[in-house]
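# Residue-level structural notes
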Amino acid sequence: MEPLRTLKVGLDSLLLEFGSGGEVVEAFRSARSRRDEGLLEAIEIIPAARTLLLSGVEVDRVLGDLEHWGAGAGEQQQPELIELPIRYDGPDIESVARLWIALPKKPPAFTHPWNIRSTSVGLPLGLPIAQACPRDMKCHA
């Protein structure tokens, strides 16, 4: 799990850019585990769709340690399944419907791989690529 790109942000933050949401989830879990084990000092660990922001870190130390991430991240618990009934009728329904052409026979199962009580807002994962909406889609035009 190597980031595609690393960017220093300010004096004590590092932005890790990955190729997929799955890699972000893996890096997020590893960072949380490493912090819990005392191997990483970070004020905040903030995941997003393709990036992970580490705030309040010794940047050079983290950069030197990235190759060891993923190893020894501890046993991951199976998350609790929570089913939420959804009815979507937002203002961009027509734009989204044009992308979907045909609705899937079974609704996709989304996952939210990080703690939703955190201050960050995460993006659910699990929508098939064929139905994914572009991030820059003008939904309210």
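Right, let's walk through the structure included here. Quick caveat, the model's predicted, so the values are computed rather than measured.

## Remarks on the environment of isoleucine 45
Residue placement: isoleucine 45 occurs in strand 3 (residues 44-47). Distance in space between the C-alpha atoms of isoleucine 45 and leucine 14 is 9.9 Å, their sequence separation being 31 residues. Ignoring any residue separated from it by four or fewer positions in sequence, one finds isoleucine 45 in contact with Phe28, Ala31, Arg32, Arg35, Leu40, Leu52, Leu53 and Leu54.

## As for the sheet that holds strand 2 (residues 13-17)
Spatial ordering of the open sheet is given by 1-2-4-3, a layout of four strands whose pairing is antiparallel. Unpaired on one side and paired on the other, strand 1 (5-9) and strand 3 mark the two borders of the sheet. Taken pair by pair, the neighbouring strands of this sheet meet at an average axis angle of 15 degrees, ignoring direction. In this structure, strand 2 lies alongside strand 4 (residues 51-55), joined through five bridges in antiparallel fashion. By the bridge assignment, serine 13 is partnered in strand 4 with serine 55. Taken strand by strand, helix 1 (residues 21-36) contacts strand 3 and strand 4, and its axis lies near 165 degrees from that of strand 3.

## Some words on the nonpolar core
Judged by nonpolar contacts, the single largest core of 17 residues is most densely connected at Leu52, Leu54 and Trp69. At the level of secondary structure, the elements contributing two or more residues to this core comprise strand 2, helix 1, strand 4 and helix 2 (59-65). The element contributing the most residues to this core is helix 1, with four residues. Contacts of leucine 52, omitting those with residues within four sequence positions, involve Leu14, Leu15, Leu16, Phe18, Ala27, Phe28, Ala31, Ile45, Ile46, Pro47 and Trp69.

## As for the environment of arginine 29
Checked against the element boundaries, arginine 29 lands in helix 1. Overall, the relative accessible area of 33% leaves arginine 29 in the partly exposed class. Distance from arginine 29 to tryptophan 69, taken between C-alpha atoms, is 9.6 Å for residues 40 residues apart in sequence.

Calculation rules
- Residues numbered from 1 in each chain as written.
- Predicted model: local features only at pLDDT ≥ 70, side-chain atom pairs only at ≥ 80, totals over all residues.
- Heavy atoms only, no water.
- Helix = DSSP H or I, 4+ residues; strand = E, 2+ residues; numbered from the N terminus.
- Contact = heavy atoms within 4.5 Å.
- Pairing = 2+ DSSP bridges.
- Axes fitted to C-alpha atoms, helices over the stretch in contact; angles between N-to-C directions.
- Core = buried A, V, L, I, M, F, W, Y, C linked by side-chain atoms within 4.5 Å.
- Buried < 20%, exposed > 50% of the residue type's maximum accessible area, 1.4 Å probe, protein only.

These results come straight from atomic positions and should not be treated as a statement about function.
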